[in-house]
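Summary of structural features
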Amino acid sequence: MKKLIALVLVLVCILSLSACSFKNDVPTFDDIQDYTEEDFEIYLNRVKRDAIIKEWGEPSKTSADTDTWVLNEKRTVTIIYDTSNRVKDAEVETKE
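1. A look at the pairing of strand 4 (residues 87-94)
Two strands pair when backbone bridges link them, and strand 3 (residues 75-81) and strand 4 are joined in this way by seven bridges, in the antiparallel orientation. Each residue of the ladder has a partner; that of V77, found in strand 4, is V92. Counted between consecutive antiparallel strands, the loop separating strand 3 from strand 4 contains five residues, among which N85 sits at a positive phi close to 60 degrees.

2. Some thoughts on the environment of E73
Mapping E73 onto the fold places it in the loop between strand 2 (66-70) and strand 3. The exposed category is assigned to E73, whose relative accessible area is 72%. Sequence spacing of E73 and K95 is 22 residues, and the spatial spacing of their C-alpha atoms is 8.3 Å.

3. A word on the nonpolar core
Residues F40, L44, I52, W56, W69 and I79 are the most contacted members of the largest nonpolar core, which totals 17 residues. Counting only elements with at least two residues in this core, the list comes to helix 3 (49-56), strand 3 and strand 4. Apart from residues no more than four positions distant in its own chain, L44 is found in contact with V26, P27, D39, I52, W56, I79 and V87.

Reading the values: rules and limits
Residues numbered from 1 in each chain as written. Predicted model: local features only at pLDDT ≥ 70, side-chain atom pairs only at ≥ 80, totals over all residues. Heavy atoms only, no water. Pairing = 2+ DSSP bridges. Helix = DSSP H or I, 4+ residues; strand = E, 2+ residues; numbered from the N terminus. Buried < 20%, exposed > 50% of the residue type's maximum accessible area, 1.4 Å probe, protein only. Core = buried A, V, L, I, M, F, W, Y, C linked by side-chain atoms within 4.5 Å. Contact = heavy atoms within 4.5 Å.

Next comes the structure, spelled out in structure tokens:
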């Protein structure tokens, strides 16, 4: 009986871990339209650059450690990456 319980627990753990690996951690481009800088930092914390580009498309502007996307005619977001290409910070610019 103990072996059966242990086997079931192992299977549950394996299924849980595999389900987490399929989860898409990057919000859609439509979802981020009203995000604040804090929202970007919370929801994109340590997300890899490639995953963001895959979800949002190519950035409007790119440099060595930043990418900028135009959210709408008045707002842009610049994502700043660390040395391992994971999100480190975000800056939202609003034009009046």
